[in-house]
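Structure at a glance
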Amino acid sequence: MPDETPRTAATTSTLTLRLLVPDRNDPRFRDHPMEVRPLIDGQDVLERVFPDGFAGSPRAWLDTEGPLTATEVPREVRLAEPECGAPCCGAVTVTVRREGDQVVWADWRNTGDGGETVPDIRFDAAQYDAELARAAADRSWESRSEAVARLLEKELRSHPDWFDRWDCDLDRVTLTPDTRDELCVYFYHPRRARVDGDYFWLQHGDEPWLQFTMPLHISLEPSPEEAPERQAERLTAQVMSGDPRERAEVCGGAAEFARKLGYPWLRG
């Protein structure tokens, strides 16, 4: 059972980041993402308050400047959401901030069923920072293909003006399911307007929007020329060689939106 002992201002907790890697050979978990579960004093609080949600991906969270990084400027972090996404079935968010020699997780929000939240939690900043650094340094979970996808997404996000030029907004870069030699770049058109972490279509009703996917080949050859860093550089140049909508396929939105924006709807 989770520790229900009331916390006082003097009480500090310990953070542990536990990586969960689903068994791809088990059909029940084949499509489950890898996730990083934050354990607070050894307890998985998210399992109690949001049992059907997934926590952050290792690519997003195990980064030296990931969302869990605490600064004096508060930031709201989405800790868990269901497979269908926060706009559909809610999410758990918390505000992370640094206060002197402590890191505070405050103002918990749970927009899922039940809506159970958690009291503010304080961590010793040195222990907190050391745990984030330990987790970020461990890349044992990352395959060669996953490294290419991570580096490509990082590089594309460093060029936001390029996507703005085409009225597009980068969503994510992921590996194609059941393959190791193909990844997909997902993006939206027109650019989404985010308000409090929600998506364009929640804020703009019937205004048309589409999601696109651009498949890209990954080389599995273990040579210096095909190192993840070099592949990411080449793929970045490939993606940015022209209007991305002309080399991608619509994969989300609505048939009516596709018609209004002048694109063919989903094949098949």
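The coordinates are above.
Let me begin by describing the structure that accompanies this report. (Residues numbered from 1 in each chain as written. Predicted model: local features only at pLDDT ≥ 70, side-chain atom pairs only at ≥ 80, totals over all residues. Heavy atoms only, no water.)

Quick notes on the side chain of Gln231
With respect to the helices and strands, Gln231 occurs in helix H8 (residues 228-239). Judged by its relative accessible area of 3%, Gln231 is buried. Beyond its immediate chain neighbours, meaning those up to four positions away, Gln231 contacts Arg144, Val148, Ile218, Ser219 and Glu226. (Helix = DSSP H or I, 4+ residues; strand = E, 2+ residues; numbered from the N terminus. Buried < 20%, exposed > 50% of the residue type's maximum accessible area, 1.4 Å probe, protein only. Contact = heavy atoms within 4.5 Å.)

Some thoughts on helix H5 (residues 144-157)
A rise of 1.5 Å per residue sets the reference length of H5, with its 14 residues, at 20 Å; its end C-alpha atoms lie 20 Å apart and thus fit the reference within 8%. Of all 14 residues making up H5, 10 are buried, and the element is well covered by its neighbours. Where the residues of H5 are buried, they touch helix H2 (58-61), helix H6 (160-165), strand S7 (169-175), strand S8 (182-189), strand S9 (210-217) and H8. (Expected span 1.5 Å × (residues − 1).)

A few points about helix H4 (residues 125-137)
Side chains that are three or four residues apart share a direction in an α-helix, a result of its 3.6 residues per turn. With 13 residues, H4 extends 18 Å between its outermost C-alpha atoms, agreeing within 8% with the 18 Å of an ideal straight helix rising 1.5 Å per residue. All buried positions along H4 are accounted for by Ala125, Tyr128, Glu131, Leu132, Ala135 and Ala136. Considered in projection along H4, the buried side chains sweep an arc of 130° and stay on one side of the axis. Exposed residues on H4 whose side chains face more than 90 degrees from its buried face are Ala126 and Ala137. (Arc of directions from axis to C-beta.)

Re the pattern of salt bridges
According to the stated counting rule, one finds 21 salt bridges in the structure shown. Residue Asp44 pairs with Arg18 through a salt bridge whose shortest N-O separation is 3.8 Å. One end of the pair, Asp44, is in the loop between strand S2 (35-40) and helix H1 (45-49); the other, Arg18, is in strand S1 (residues 15-20), and 26 residues separate them in sequence. Residue Asp44 is classed as buried on the basis of its relative accessible area of 16%. Put simply, Glu35 and Arg37 hold a salt bridge, and the shortest N to O gap is 3.0 Å. Residue Glu35 is classed as buried on the basis of its relative accessible area of 9%. Residues participating in the shared-partner salt-bridge network are Arg18, Glu35, Arg37, Asp44 and Glu47. (Salt bridge = Lys/Arg side-chain N within 4 Å of Asp/Glu carboxyl O.)

Some thoughts on the nonpolar core
If you look at the biggest cluster of nonpolar residues, it comprises 31 residues, and the most contacted ones within it are Leu68, Leu79, Trp105, Trp108 and Tyr128. Of all the elements in the fold, those that place two or more residues in this core are S1, S2, H1, strand S3 (75-80), strand S4 (92-99), strand S5 (102-110), strand S6 (121-124) and H4. Ranked by residues supplied to this core, first place goes to H4 with 4 residues. (Core = buried A, V, L, I, M, F, W, Y, C linked by side-chain atoms within 4.5 Å.)

Thoughts on unusual backbone geometry
With omega at -5°, the peptide bond leading from His189 into Pro190 counts as cis. As for its placement among the helices and strands, Pro190 is situated in the loop between S8 and helix H7 (200-204). Even without glycine at this site, Asp107 takes up a positive phi of about 55°. Inspection of the secondary structure assignment puts Asp107 in strand S5.

Brief notes about the sheet that holds S5
Strand order in the open sheet formed by 4 strands is S3-S4-S5-S6, with antiparallel pairing between adjacent strands. Two strands bound the open sheet, and with one partner strand each, they are S3 and S6. Taking each pair of neighbouring strands and ignoring which way they run, the sheet shows an average axis angle of 30°. Two elements, S4 and S5, share 7 bridges in a ladder whose sense is antiparallel. Residue Thr95 lies in a different strand from S5, and its bridge partner there is Ala106. (Pairing = 2+ DSSP bridges. Axes fitted to C-alpha atoms, helices over the stretch in contact; angles between N-to-C directions.)

Points about the packing of aromatic side chains
Throughout the structure, instances matching the rule amount to 10 aromatic pairs. Seen from their ring centres, Trp105 and Phe123 are 5.2 Å apart, and the 70° between their planes marks the pair as edge-to-face. Within this pair, whereas Trp105 is found in strand S5, its partner Phe123 is found in strand S6, the two being separated by 18 residues in sequence. Ring centres of Phe123 and Tyr128 lie 5.4 Å apart, and the angle between their planes is 45°; this geometry places the pair in the tilted category. Pair check on accessibility: Phe123 and Tyr128 agree, each one buried. Among the aromatic residues, those joined into a cluster by ring pairs are Trp105, Trp108, Phe123 and Tyr128. Between Arg172 and the ring centre of Tyr186, over which it is positioned, the NZ or CZ distance is 4.2 Å. (Phe/Tyr/Trp six-rings, centres within 6.5 Å; stacked < 30°, edge-to-face > 60°. Lys NZ or Arg CZ within 6 Å of the ring centre and 35° of its normal.)

A short note on the sheet that holds S9
Strand order across the open sheet formed by 4 strands is S7-S8-S9-S10, with antiparallel pairing between neighbours. Each end of this open sheet is capped by a strand with a single partner; those strands are S7 and strand S10 (249-252). Across the sheet, the axes of successive neighbouring strands diverge by a mean angle of 35°, strand direction being ignored. Two strands pair when backbone bridges link them, and S9 and S10 are joined in this way by 3 bridges, in the antiparallel orientation. Among the inter-strand pairings, Phe212 is bridged to a residue of S10, identified as Val250. Sitting on the sheet, H5 touches S7, S8 and S9, and the angle it makes with S7 is about 170°. With respect to the sheet, H8 is in contact with S8 and S9, its orientation differing from that of S9 by roughly 135°.

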